[in-house]
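# Observations on the three-dimensional arrangement
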Amino acid sequence: MIKENHILCLIDDDNIHQFIIKKIVHKLSPNQKLLVFSNGEEGINFIRSTIGKIEKLPDLILLDINMPVMDGWGFLDEFITITPDIKKEIIIYILSSSENPTDKERAKKFELVSGYLIKPINEEQLESLLENV
Amino acid sequence: MKTSSVYIKKNVLNNDLITIVNDNGYFVESNPQWSVLLGYGKKELLSIPYLTLVHYEDRSKAKQAIERRLQTSNSEPFKIRLISKMGDIIWFEWIITKIGYEEGFLLIAKDITQKKLEKSSVEADLIALKLKNRQLEDLFNLSQDLITISNPEGYFTKLNPQWSKTLGYTETELMDSPYLTFVHPDDRQNTVAEAAKQFDGTTIFNFRNRYLTKTGEIVWLDWNATALDHTGEVFGIARDITKAIRQEQKIEATLQELIAKNKQLEDYAYITSHNLRSPVANIFMLTKFLEDSTLTKEQMNYTDMIKNSAEVLNKTMKDLINVVQINESTDMTIQNISLQETCIEVKRQLSAKIMETQAKIITNFEIEEISYSIAYLRSIFLNLISNSLKYCSSKRKPVIYISSEKINNRVQLIFRDNGLGIDLNKYGDKVFGFRKTFHKNANAKGLGLFIIKSQIEALKGTIAIDSELDKGTKFTINIVL
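Given the structure is predicted, the values throughout are model-derived calculations rather than measurements.

### Quick notes on the side chain of B:Asp145
Residues and elements named next belong to chain B.
- Turning to its location among the elements, Asp-145 is positioned in the loop between helix H5 (113-142) and strand S6 (146-150).
- The buried category is assigned to Asp-145, whose relative accessible area is 17%.
- A polar contact of 2.8 Å, which involves the side chain of Asp-145, links it to the side chain of Arg-239.
- Residues contacting Asp-145, with those up to four places away along its chain left out, are Asn-160, Gln-162, Ile-237, Ala-238 and Arg-239.

What follows is the structure in structure tokens.
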């Protein structure tokens, strides 16, 4: 069962992909909270500003790699610097259409990245992700 | 007793041969030394003309010399060889003196064989030495290598002409400045360090540094040098390897360029596929949503078609990425692999298809084990056997022959089938192309041959095809050992 009190977060610049994820999440669990940011900087700014409010921080972040302003790697680098201050376990998955082994290897080097998903992600995958939070 | 006889008798113990020769050319008197040196008895000596004792080459010379001296009272000695009874040649210095009141003359002969020999051996030695010297000189002057002697103060003291030829300075110019002046500034430190080693008695092998020509061009030299302990002089031979280095640098530059180009191409493939895949992934999901919504039958058809198109596009891109990945990720470790075992493994993998087609696979591996990438070898067997099974003729049961043999420094691997064959006149140059298919087979992706060709070539081998429509196809793979 999906726990509705959990907060899901998507960081991706692709509007259509945002729409798709919103749609799937809504279908899986209509009341699921979903935060959407269009690039890494928006995402990290939000986390910084809500760092003390545990109940508002996301439980699961789906992170795209190629984004303008601040890409996924930039987000991860920033995130590492503030992790000591985050009093909540946040799970991060890369969700990208890049199958480049270099990207996959690079993702592995981040301990805080739990996995590497390749677009498109389907209902079942997303459901199991949410269940495991 | 005649004076001359007295003289001879007094000199019995003299080492010289002393004799009186009469008008007829016979000995009148002779001291015992004649017998000692020439081995003739006194009686014998008195019974033969003296000329018979003279070396035949010297006889006329002796006669002339004696006559001249008797006529002119010249007493200068001359050299004549005598032959002993045993046949030895003995050099003598003759002194002829006219005896006033008698016919004939007094002959004193000094044995100079030893002296003569000594002199000639010294002469011979000298000649040999000169020859050797000239050879060394030639070697020094004509050598294409740069030969030098330098002193402990760091100056050249001897240079062969090749130095001037190579560096463009005159010999004097080269000797007037410390040799370090001519070394490339970036190599001076190394050169000093290397030269210092020589004073510990180390012989330098294959030290490489750069010199600059008078016009400022770089000359690469490979050095062998040894120092002499007592003088501190260094004997060095350097070879100009500039051409080889240039060649090396050119190859290295080309290689770097190629690597960069290749990387660029790879990146390009990834970026393209990434940028394409994002929208394709979206199209996928969107059509899925469409399917879930209420659609008319017509809309449903369109949705199906959009979905199919997206699927094909997605697959194409996956294939493209697979191909790019061949070049880097697959296990390239080279190890000894059994052809027979590889074949059996692949047969197991294809067992369903083999049973279905009732195919027969005959192997004859003259070379059973090769050094190769296991992943590549499996890929070769899998692709070629499954191709033969896929494109078998419906008129006959498929038979696949696989053989290996050693030809010179390579192993030739042959796959031959009795299948449909390919029209090489039509498709010849495209057989190994990306996503090329030649049969109306829905499962054909046109990747197998492209992939194995890339793999074989990555390991410096070659693959060639020979085929005849409705007879069969033969692939010949050459693997470099």
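### Notes on the environment of B:Tyr376
- The residue B:Tyr376 is located in helix H13 (residues 374-390) in this model.
- As for B:Tyr376 and B:Leu276, which are separated by 100 residues in sequence, their C-alpha atoms are 29 Å apart.

### Some thoughts on the environment of B:Ile402
Residue and element names in this part refer to chain B.
- By secondary structure assignment, the location of Ile-402 is in strand S14 (residues 399-407).
- Separated by 246 residues in the primary sequence, Ile-402 and Phe-156 place their C-alpha atoms 68 Å from one another.
- With sequence-adjacent residues up to four places away left out, Ile-402 is seen in contact with Cys-343, Ile-361, Ile-362, Thr-363, Asn-364, Phe-365, Phe-381, Ile-385, Ile-414 and Phe-415.

### A word on the interface of chain B and chain A
- Listed per partner, the contact involves 15 residues of chain B and 20 residues of chain A.
- Our enumeration of links across chain B and chain A arrives at one salt bridge.
- Where chain B packs against chain A, one counts two residue pairs in polar contact (both at pLDDT 80 or more).
- Sorting the residues of the side of chain B that touches chain A by element identifies helix H9 (242-292) and helix H10 (297-326) of chain B as the ones contributing at least two each.
- Among the elements that line the side of chain B that touches chain A, the one with the most residues is H9(B), at eleven residues.
- Each residue belonging to the side of chain B that touches chain A can be placed in one class, and the counts come to seven nonpolar, four polar and four charged.

### A closer look at the sheet that holds strand S2 (residues 33-37) of chain A
All names here are of chain A.
- Spatially, five strands are ordered S2-S1-S3-S4-S5 in an open sheet, and the strand pairing comes out parallel. Both edges of this open sheet fall to S2 and strand S5 (113-118), since each of them pairs with a single strand only. Across this sheet, the average inter-strand angle for adjacent strands is 20°, counted without regard to direction.
- For strand S1 (residues 7-11) and S2, the ladder comprises five bridges, and the chain directions are parallel. Across the sheet, residue Ile-7 finds its bridge partner in S2, namely Lys-33.
- Of the strands in this sheet, S1, S2 and strand S4 (91-96) are in contact with helix H1 (residues 15-28), which crosses S2 at around 175°.
- Against the sheet, helix H4 (residues 101-108) touches S4 and S5, its axis set at about 160° to S5.

### Comments concerning the packing of aromatic side chains
- Within the structure shown, the criterion is met by 16 aromatic pairs over all chains.
- Here the aromatic rings of B:Phe365 and B:Phe381 are separated by 6.5 Å at their centres, their planes lie at 65°, and the arrangement is edge-to-face. Here B:Phe365 is found in strand S12 (residues 360-365), whereas its partner B:Phe381 is found in helix H13, with 16 residues between them in sequence.
- For B:Phe365, a relative accessible area of 11% gives the class buried.
- Here the aromatic rings of B:Phe381 and B:Phe415 are separated by 5.1 Å at their centres, their planes lie at 75°, and the arrangement is edge-to-face. You can see B:Phe381 sitting in helix H13 and its partner B:Phe415 sitting in strand S15 (residues 410-417), a full 34 residues away along the chain. An identical accessibility class is assigned to B:Phe381 and B:Phe415; each is buried.
- Ring pairing ties together the aromatic residues B:Phe156, B:Trp163, B:Tyr179, B:Tyr211 and B:Trp223, which thus form one cluster.
- The ring of B:Phe289 has A:Lys23 sitting right over it, with the charged end atom 5.5 Å from the ring centre.
- Taking the ring centre of B:Tyr401 as reference, the NZ or CZ of B:Arg416 above it sits at 4.5 Å.

### Looking at the pairing of strand S7 (residues 156-159) of chain B
All names here are of chain B.
- Bridge count for S6 against S7 is three bridges, and the pairing is antiparallel. By the bridge assignment for S7, Thr-148 is matched with Leu-159.
- Connecting the antiparallel pair S6 and S7 is a turn made up of five residues, with Gly-154 showing a positive phi of about 90°.

### So, the layout of surface pockets
Residues and elements named next belong to chain B.
- Each pocket or cavity is described by its volume, and for the second largest pocket that value is around 250 Å³.
- Residue lining of the second largest pocket: 20 residues in total, with Ser-150, Tyr-179, Ala-195, Gln-198 and Val-234 positioned closest to the centre.
- Residue assignment for the lining of the second largest pocket shows that the elements contributing at least two residues are S6, helix H8 (188-198), strand S8 (204-212), strand S9 (218-227) and strand S10 (234-240).
- When its residues are assigned to classes, the lining of the second largest pocket shows eleven nonpolar, eight polar and one charged.

### Regarding helix H2 (residues 40-49) of chain A
Residues and elements named next belong to chain A.
- Looking only at H2, the buried set comprises Gly-40, Gly-43, Ile-44, Phe-46 and Ile-47. Down the axis of H2, the sector holding all buried residues measures 155°, keeping them to one side.
- The secondary structure elements touched by the buried residues of H2 are S1, S2, strand S3 (60-63) and helix H3 (72-82).
- Capping of H2 at its N-terminal end is provided by Asn-39; its side-chain oxygen lies 2.9 Å from the backbone amide nitrogen of Glu-41.

Reading the values: rules and limits
Residues numbered from 1 in each chain as written. Chains lettered and ligands numbered in written order. Predicted model: local features only at pLDDT ≥ 70, side-chain atom pairs only at ≥ 80, totals over all residues. Heavy atoms only, no water. Helix = DSSP H or I, 4+ residues; strand = E, 2+ residues; numbered from the N terminus. Buried < 20%, exposed > 50% of the residue type's maximum accessible area, 1.4 Å probe, protein only. Polar contact = N/O pair within 3.5 Å; in protein donor to acceptor, adjacent residues only side chain to side chain. Contact = heavy atoms within 4.5 Å. Salt bridge = Lys/Arg side-chain N within 4 Å of Asp/Glu carboxyl O. Nonpolar A, V, L, I, M, F, W, Y, C, P; charged D, E, K, R; others polar. Pairing = 2+ DSSP bridges. Axes fitted to C-alpha atoms, helices over the stretch in contact; angles between N-to-C directions. Phe/Tyr/Trp six-rings, centres within 6.5 Å; stacked < 30°, edge-to-face > 60°. Lys NZ or Arg CZ within 6 Å of the ring centre and 35° of its normal. 1 Å grid on protein atoms, 1.4 Å probe; cavity = no way out; pocket = protein on both sides within 12 Å on 5 of 7 lines; lining within 4 Å. Points joined across faces, edges and corners; volume = space filled by probe spheres on them. Arc of directions from axis to C-beta.

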